[in-house]
Structures are given as structure tokens and as C-alpha cells.
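Results of the structural survey
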Amino acid sequence: MNEELEIFLEDCDDQLQSMENALIEMQNGNIDDDAIGAIFRAVHTIKGSAGMFGFDSIVAFTHTGENLFDAIRQGNVAISKEMVSLFLLCKDHVEKLIEAVVNDEELDANEKAIGEDLTAQLNAYINTPQEIKIEEQVPSKEQVTKLLKWHISIRFNKDFFTTGMSINSIFNFLNSMGKILINHPITYNIPNLHELNPMFPYIGFELLFEDDCSKSEIEDVFEFIHDDVDLVVFKQEEASGYENLQQIRKEKELKSELISVGFASKEAFSEDVPTQEKSVAKVEIVEVQAVIEQKIEKSAKTSKKVSSSLRVDSNKIDILINYMSEIVIANSKILSLVESEDEEEENSELHEAAHNMKELLEYVRDGIMDIRMVQVGDSFNKFRRIVNDTSKKIGKDIEFVISGGETELDKTVVERISDPLVHMLRNSIDHGIELPEERRASGKSPQGRVDLRAYPDSGTIVIEIEDNGKGLDKEKILAKAVSNGIVHPSTHLSDEEIYKLIFEAGLSTAEKVSDISGRGVGMDVVRRNIEDLRGTIEIASTLGVGTKITIRLPLTLAIIDGFLVQVGNTKYIIPLENIKECIELTPKEESTMGDNEFINLRGEMLPLLNVREILGENESISRRKNIVIVYFGKKSVGLLVDELLGEYQTVIKSLGEVFDNLSGISGGSILGSGEIALIFDIPRLIELKSRVGMQV
Amino acid sequence: MVLESFKSITIYEVEKLKDLLLEALSEVESLELDMTSITKIDMVGIQLLISLMKTAKEEKKTITFINITEHVLRAIDETHCKTTLGLDA
């Protein structure tokens, strides 16, 4: 897909999204001028852009919508809820149209029929006199703005032809905005064949354009070729407009040409042919001022969070991150060589340089990681439509609140968390929130509420989905799990463990299987997706009150800061973000501990994980024993290891499919010495340790 | 002159075509261009043809275009250069 088409796609995406948001606001009763204006602008922009590319099908369809919305904007037609629903359907159809043209395909007969039907419905609204507001008698702002005649003089800079942009698309766009009354090509600058440089754009155009727009709106039309075009725009009625044009263009044939074609009369031009110094200076000042004004207008218009930004192919970032990883490894080697060869630190300059390097690399690494961070809000906002449609479909009244949208997460993580979140939102809507009558009967407000929150918390990002619905029924879940053979009838499970059962495949206590959820296939996939992202998921619930699902995700996927330890002959890495503290296990303490799986940490009982036992390591080389206390969320565990070797910045490399089932290990890393260190998957380890009584 | 080896008159062909046209024009008083095979034309091409017209006028020669396809004619019309190229039939 070429670059222009990509920009077109992304722009339309943005427009459609803001259109959808405004429409949903309206559907929920908030009908105001801002929303109406926003929708009109979105449709107008899409139509215009499509016009530039010659996508007639899109232009035609959006044209009707634009007309209707313009009528609404002017107060000639009153908007109703049915219209809003119709518009949401139209938005969907526009999406299909855009997809079709971008993939160079046609719509199938069914989709075409839908389009025709929608157009008919739109036209019906335009033509049927609706309840006309009485205030409509006062002409709206648009009606007061009269049609103006603009003179547009176009010349091209030397590279214009190489841009591949067709001037026709500009003409088409202008005609979709207003009307080009005169279009006169300027050919006197074209030399004969002997002198012609075929690639150079000698040709120019003089246009008389009628519209109720502003000068900057006309200049925006040329935005795509801004650097390659030389534009002079002024109102035809402007006193010295043509005079100035003559000064700027410095083409001796221009005056007679413009007069003969009918743009202006002789009187419009000043009699003096030699350029007066003053007026030239004046023209330049006017030009500069116009440029400044234009720039101010432009930056004021950019209400989006982007002031100067780039669209970057995310593959490029991934490549950078890969190289960054290799650099980190290479640097570790240098560092370890420096430190081992120079134990007395004789060559302190070398040491300092090496450490400086490490610090700089960390900055760069963090900077690159940061590029991949996107705000979760962009993704979350897309859920509004789904929540809206789903709840309306099954007759539930739901207030959907999103908070913490500015929280940032790695782009890949955001993409992969999207489906699980949608699934859980659907569950909340379908099984969580009750029907309005039910809610009223239990003394709740008929409108239910679903919250989607995101916030950072000690090296992780937390995402919560909370509803004030009917909560989870422990008894039912347990009963179902027992009858499915997942749990032995006699085992005792905590509340939390019972709730966790809903992640087992095949388990759904929904009485009815709707096409939204209830099949029991879903939550297990959700859990797997989240675990694949090295995240965890927890459920809390109170029967009759509501349910809260808490997901924790690591900030990044590729590089972590870790702590190196040794157990037996193997080195392990523990992610720094999970370490609470390290304590030495003296022989005395060890003997009092005996075979216990717990230690007494300042009065608290801490479960102990003997790494050597679990992972089958040999005896300690150095006879030293340490306990690294790690935590995830609210749970802590002590890892019994041998030596502590210090902080280590590391790149996670996957161990490959063969080692997929190695619980508790999330990957490997190549140390500076060339050895491989295994990386502990702390969340998993903690979970394994706490899964008491389950048939694992 | 038949332009049969050309399917389009666009930015890709103009350099070659310019030389051919100059050569052809130098040999005759009246040049007839058979546009049967031309299915595509862009602004660069139109500019070339305008230059050709000018050259002919300066040298007091004539240019006639024949067998222009509907599509090409429309493209020329959209850039408002029909009159310049003497195609107002």
C-alpha cells in the first residue's frame, strides 16, 4: 500500500472513531452542538479526502450523510434517536467502503443493497419536513456567511511532477467544496521543444473559485503538496489583489491573460508597470504575515495531542530493540572483562568509561522502549461501541466508565490484551449486570455500571474491570467444577481459588448460552493470553454486589532489570521489580528451620521455595545460602538460593518450544561470560506455590 | 507519424518522446500524430504536447492529432487544455 493511501486510511480511521464517539454520546442523550459539529466535520473530511483519491463510491455515500447532517446543523432538521442509530449503521458502511477501495475490491451485492437502503433512509429524513425548531427563523451562522469569489493562482516548484500528485484531484476536491467558475491553464511559461525540460512543471493555473470558506481552508486543500506548489490566494473583490499577484508572479503576460479570460478588468491592475519598491515590500510583508497567521491558525486547529509527530512502522522499532538487546549483551561482556581483569581497579578510567557506557545504553534502551508505549485509552475507547451495542441488544442499561486512559503500555501488550478485555466486558454485561427490572427488585438503581480502569503500580500496569452486577455464585461454580471433575469434592478451596475456577475450560455456570458468552470457552483463553504476556489475573466478587477482575501486566516484554543468583551449577535471574529483600541464611538458622517449608521473617510466616529441590540442582558450590524474598501483587515467597551475584540488566530470550512447559522459568539470557542464565517467572512460581489442593 | 510504440504519454515516456517529436517535426511541414495506441496521458504529457504545438507555431508548421481515444480526451479536458491543443471539435 503506498504511503498516501496509508495516510488516507489512518485519517479516515480517526475521523470515523471520533464520529462514533460523538454518536454514542448522542445515543445516551447528550445531544449538543459540539457533537453535531464534530460529526459533520468528520463526514465532510472523509468525503473530501475520498474525493482527492477519486473514490467516487465513498464520495457519493458520504455526500448524502453530509447533506443530512448539514441540515441538522443548520436547524432545518431535528435529530432523533432513530437517526443516530441510522448514522451508526452508516458509519459501519463507510468503513466497508473504505476497506473495499483500499483493497481494490468491490462490495458484494448484499453490501451494495445495504448501502442503497441506508441512502434511501437518509434521503427520507432530508426530504420529510421534521419538527422545525422555531428559533430556526434566525439564520444560522452558515447562512449568514455568503458565497465568496476567490482567485487562486497556482504555480509549481521544480519537483512537483515527481510527487505523482495529480492536479486533477485538487480540482475535484475544490469542486466538492464549492464551485470552480473559471479554470485557466497558464501555458506561456512552457518553452518550445528545443528548450523544454520535460520534467519541469512550467504549466500553471489561474482559478476563480466560489465558496463560503476561508482562505486557510483553501490553502489546506493543497496541504499534501504544500512544499511543491506556489500558491497565491485572494478574494476577487480585494482592492489590490490582482496588482499584488502581478508583483509576485512577475510574468509580463499575466495581466493581459487575466483580463482577456475575464478574471479582472484593466482597472484592477495598477497603471505603473515598473514595480515600486514600496509596494513590493508591502506585498512581501503581507505575504509573510499571511504565512504566520496561517501557521498560527494551523497549530490552533490541531486540537489533537499531536503537535509534531511521526508515523513510524512498528517493525522498525522492533528491529531497533533487537539490536539494542544485542548491544546490551555485548556491553555486559565488556563490563565483565573490565571488572575481572582489573580487580584492584588500577585502571579506574577504564572502569568509569565502562560504567558510563552502561548508563548511556540504559537511557537509550529506555528511550526506545518508550517509543513503543501507547496510551491504553485509544484502545479502551474502541470498546465503547461494543459495550453500547451489546448492552442495548440484550436490554440492559449500562454506564460504562473508563479511567486512566493516559496510562501507557507497550504497543504489543495493548494489542494482545484487547481481545481478553472485550471478552470480560461482555461477561460483565451479559452475566454480571442484571436486567433493569431485576436490579430494581433488589433495591439497586436500574442502571448498572461497568468500570474499566488502568493505572501503574510498582513496576506493573494494573487493569481492572469492575461491575456492580450480581456477583459470582461460589456454590454454583464449585458444584460445576466438581461435576466436571476439575476439583475433588473433598478439597477445601478459598474463595479466591473458587473464583479462579472459572478459568478452567468448559466451566460456565451461565444458565443460558447466548451468542455473546456462556459456552465456557473463553476464560481459559483469556487467562492464557494474559499469562503469555507475563501477567496475572485475579478475581474478587461479592454475591449480589458485583465482581472485580484485576489484571497485572509487566511494562515491557523484552528487556528486564534482574538480579543474578546461583543455585548449584546454574545461574538464575530474578526480575528486580519482584524483589522485596535478600537475607542470608546462616547455618544456625538453617538448623532451626529443619525441614520446614516456612521461615519466620520478623514474626511473619513466609512460604519457602527450595529452588534446588524444585529444579533438581546440585549441591551448593560455595556452601552459602541466601533467601531472596520476592513478591507479586500481595503475595510473597522466599526463594532459597545459594550465592547472590548482583544486579544484572538482561535481555529475555525465549528458550523455545521445547521448554514451554517448564513452569516457573520464563526465558533465558546470555551472560557476558557466555553462560546461559535462566529467568524466573515469579508470578507463576508464586501461583504454583499457592495452588494448594488443586489437581495440577 | 504513428506513435504505435507508445501506450502512454506520461512522465515515463516524455524524455524519449520529446526527441522523437523533434526529429519528426524537423522533417515535415505538417505533422499528423496518430494517437490510436495512446491510452493514458498525464500532466507531464499534456505539457509536452503543448510545447510541441508552440514549437510548430514558431516554425510555422502545423500539428494535427488524430484518433484520440475518449479516455485521453477526457483527461485533457479535465486539465482544461483542450483549447490549447486545438482539440475543440
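Residues numbered from 1 in each chain as written. Chains lettered and ligands numbered in written order. Predicted model: local features only at pLDDT ≥ 70, side-chain atom pairs only at ≥ 80, totals over all residues. Heavy atoms only, no water.

Per the secondary structure count, chain A includes 23 helices and 21 strands. With the model as given, the accessible surface of chain A reaches about 36,900 Å², and the carbon-plus-sulfur share is 51%. (Helix = DSSP H or I, 4+ residues; strand = E, 2+ residues; numbered from the N terminus. Areas by Shrake-Rupley, 256 points an atom, 1.4 Å probe, with all protein chains shown as cover.)

This part is about the overall build of chain B. The number of helices and strands found in chain B is three helices and four strands. Walking chain B from its N terminus toward its C terminus, one meets helices and strands in the order β-α-β-β-α-β-α. For chain B, the proportion of its 89 residues judged to be buried stands at 48%. Restricting to contacts in chain B with at least 6 residues of sequence separation, those with at least 24 account for 76%. On chain B, roughly 4,800 Å² of surface is accessible, and the fraction owed to carbon and sulfur atoms is 51%. (Buried < 20%, exposed > 50% of the residue type's maximum accessible area, 1.4 Å probe, protein only. Contact = heavy atoms within 4.5 Å.)

The next thing to look at is helix α4 (residues 81-102) of chain A. Count 3.6 residues to each turn of an α-helix, and residues three or four apart come out pointing the same way. Compared with an ideal rise of 1.5 Å per residue, which puts 22 residues at 32 Å, α4 of chain A spans 32 Å between its outermost C-alpha atoms and is within 8% of the ideal. Count one or two residues on from α4 of chain A and you reach Asp104 of chain A, which has phi positive near 60°. (Expected span 1.5 Å × (residues − 1).)

With that settled, the discussion passes to empty space enclosed by the protein. All names here are of chain A. Under the defined criterion, the tally for this structure stands at six cavities of 30 Å³ or more. In this structure, the largest cavity occupies an estimated 130 Å³ of space. Every residue lining the largest cavity is counted, 15 residues in all, and those nearest its centre are Arg534, Pro554, Glu577, Asn578 and Pro683. For the lining of the largest cavity, the secondary-structure elements that each account for two or more residues are β11 (546-554), β21 (676-680) and α23 (682-690). Sort the elements by how many residues they give to the lining of the largest cavity and β11 lands first, with three residues. Its residues assigned to classes, the lining of the largest cavity shows eight nonpolar, three polar and four charged. Quantified by volume, the second largest cavity comes out at close to 100 Å³. (1 Å grid on protein atoms, 1.4 Å probe; cavity = no way out; pocket = protein on both sides within 12 Å on 5 of 7 lines; lining within 4 Å. Points joined across faces, edges and corners; volume = space filled by probe spheres on them. Nonpolar A, V, L, I, M, F, W, Y, C, P; charged D, E, K, R; others polar.)

When pLDDT is averaged along chain B, the result is 89, and 98% of the positions lie at 70 or above. Scored as a complex, the prediction yields pTM 0.49 and ipTM 0.94. (pLDDT = per-residue confidence, 0-100.)

Moving on: unusual backbone geometry. You will see that Asp104 of chain A, though not glycine, has its phi angle at about 60°, which is positive. Here Asp104 of chain A lies in the loop between α4 and α5 (109-127). Note on Asp104 of chain A: relative accessible area 72%, which makes it exposed. Positive phi is not limited to glycine here, since Asn67 of chain B has a value of about 60°.

Frequently, the measure chosen for interface size is the accessible area removed from exposure when the parts meet. At the junction of the two partners, chain B supplies 23 residues and chain A supplies 24 residues. Each partner contributes to the roughly 2,000 Å² buried at the junction of chain B and chain A, and carbon and sulfur atoms together form 64% of this total. At the boundary of chain B and chain A, one finds zero salt bridges. In this structure, the connection of chain B to chain A is made through 14 residue pairs in polar contact (both at pLDDT 80 or more). Elements with a contribution of two residues or more to the side of chain B that touches chain A: α1 (14-27), α2 (43-58) and α3 (70-78) of chain B. It is α2 of chain B that provides the largest number of residues to the side of chain B that touches chain A, a total of 10 residues. Its residues assigned to classes, the side of chain B that touches chain A comprises 11 nonpolar, six polar and six charged. (Buried area = accessible area lost by both parts, 1.4 Å probe. Salt bridge = Lys/Arg side-chain N within 4 Å of Asp/Glu carboxyl O. Polar contact = N/O pair within 3.5 Å; in protein donor to acceptor, adjacent residues only side chain to side chain.)

The next subject is a negative patch on the surface. Residue and element names in this part refer to chain A. A surface patch of like charges, here negative, comprises Glu25, Asp32, Asp33 and Asp34. Locating Glu25 in the fold gives a position in helix α1 (residues 3-27). Residue classification places Glu25 among the partly exposed residues on the basis of a relative accessible area of 39%. (Patch = residues over 30% accessible without salt bridge, like charges linked within 9 Å, V, L, I, M, F, W, Y side chains within 5 Å. Lys, Arg positive; Asp, Glu negative; His and termini not counted. Charge placed at Lys NZ, Arg CZ, Asp CG, Glu CD.)

Before going further, it helps to examine a nonpolar patch on the surface. Residue and element names in this part refer to chain A. Together, Leu360, Tyr363 and Val364 make up a nonpolar patch on the protein surface, roughly 320 Å² of accessible area in all. Checked against the element boundaries, Tyr363 lands in helix α14 (residues 348-371). Owing to a relative accessible area of 58%, Tyr363 belongs among the exposed residues under this scheme.

Right, let's get into the packing of α4 of chain A against α5 of chain A. Residues and elements named next belong to chain A. Their axes nearest at 10 Å, the elements α4 and α5 cross at an angle of 145°. Crossing angle aside, the handedness with which α4 passes α5 is left-handed. Contacts between α4 and α5 involve Glu82, Met83, Leu86, Phe87, Leu89, Cys90, His93 and Lys96 on the former and, on the latter, Glu111, Ile114, Gly115, Leu118, Gln121, Leu122 and Tyr125. Taken together, the residues of the contact of α4 with α5 break down into nine nonpolar, three polar and three charged. (Axes fitted to C-alpha atoms, helices over the stretch in contact; angles between N-to-C directions. Left-handed = near helix turned anticlockwise from the far one by under 90°.)

Another point: the sheet that holds strand β10 (residues 536-542) of chain A. Through backbone hydrogen bonds, the strands of a sheet pair up, either in parallel or in antiparallel fashion. Residue and element names in this part refer to chain A. A sheet is described by the order of its strands in space; here five strands give the open sequence β6-β8-β9-β11-β10, paired in mixed fashion. Strands with a single pairing partner mark the edges of an open sheet, and in this sheet they are β6 (398-403) and β10. This sheet shows a mean twist of 15° between the axes of neighbouring strands, independent of strand direction. Here strand β9 (residues 460-467) runs beside β11; their pairing, made up of eight bridges, is antiparallel. Bridging across to β11, Thr460 finds its partner in Pro554. Taken strand by strand, helix α20 (residues 523-532) contacts β10 and β11, and its axis lies near 135° from that of β10. (Pairing = 2+ DSSP bridges.)

Residues and elements named next belong to chain B. Looking at the secondary structure, you find Ser8 in strand β1 (residues 8-9). Looking at Ser8, the relative accessible area reads 14%, which means it is buried. In this view, Ser8 contacts Glu13, Ile38 and Lys40; residues no more than four positions away in its chain are not counted.

Moving on, we come to the sheet that holds strand β14 (residues 579-584) of chain A. Residue and element names in this part refer to chain A. Strands sit in the order β14-β17-β18-β16-β15 across an open sheet of five strands; the sheet is mixed. The sheet terminates laterally at β14 and β15 (598-601), the two strands that pair on one side only. The mean inter-strand angle of the sheet, taken between neighbouring strand axes irrespective of direction, is 35°. The pairing of β15 with strand β16 (residues 604-610) spans four bridges and is classified as antiparallel. For Leu601, the partnering residue across the bridge sits in β16 and is Glu604.

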